[in-house]
Amino acid sequence: MEVIHLNQRNLAQRWHVSEATLERWRSDGIGPKFLKLTGRVLYRLVDIEAYEEVCLSTSTRSAVAANVAA
């Protein structure tokens, strides 16, 4: 099984956020797991998809409750 990685720019484009936002999230411990290899930040696609799954909500009430519980 091939492991697919996205760099910071790719993930920022996927989620329509700035690269600075991803940098801040990493500093704050928010977002998907990431690798830092030789100064490069990489995200495994499997970790991105797992994080997206956790963030799924069916209403704003469930989204608030999930964030409070986390």
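Throughout, residues of each chain are indexed from 1 in the direction in which the sequence is written. Where totals are concerned, whole chains, interfaces and linings use all residues; where local detail is concerned, this predicted model gives features only for residues with pLDDT of at least 70, and gives and counts side-chain atom pairs only at 80 or more. With hydrogens and water stripped out, all remaining heavy atoms of the structure feed into the side-chain values.

Things to note about helix α3 (residues 45–55)
What counts is decided by this rule: When accessible area is computed with a 1.4 Å probe and restricted to protein chains, residues below 20% of their type maximum are described as buried, those above 50% as exposed, and intermediate ones as partly exposed. Each helix is a run of H or I in the DSSP string that is no shorter than four residues. Each strand is a run of E no shorter than two, and both are numbered from the N terminus. In this description, one arc is meant: the one made by directions from the helix axis to the C-beta atoms. Should any heavy atoms of two residues lie within 4.5 Å, those residues are counted as being in contact.
All of the buried residues along α3 are L45, D47 and I48. Taken around the axis of α3, the buried residues stretch over an arc of 160 degrees, which confines them to a single face. Among the exposed residues of α3, those oriented more than 90 degrees off its buried face are E53 and V54. Tucked into the core, α3 has its buried residues touching β1 (5–7), α1 (8–15) and β3 (40–44).

A closer look at helix α2 (residues 19–28)
Residues of α2 that are buried include every one of T21, L22 and R26, and no others. Taken around the axis of α2, the buried residues stretch over an arc of 135 degrees, which confines them to a single face. In α2, the exposed positions angled more than 90 degrees off the buried face are occupied by S27 and D28. Contacts from the buried residues of α2 go to α1 and β3. G29 sits one or two positions beyond α2 and adopts a positive phi of about 75 degrees.

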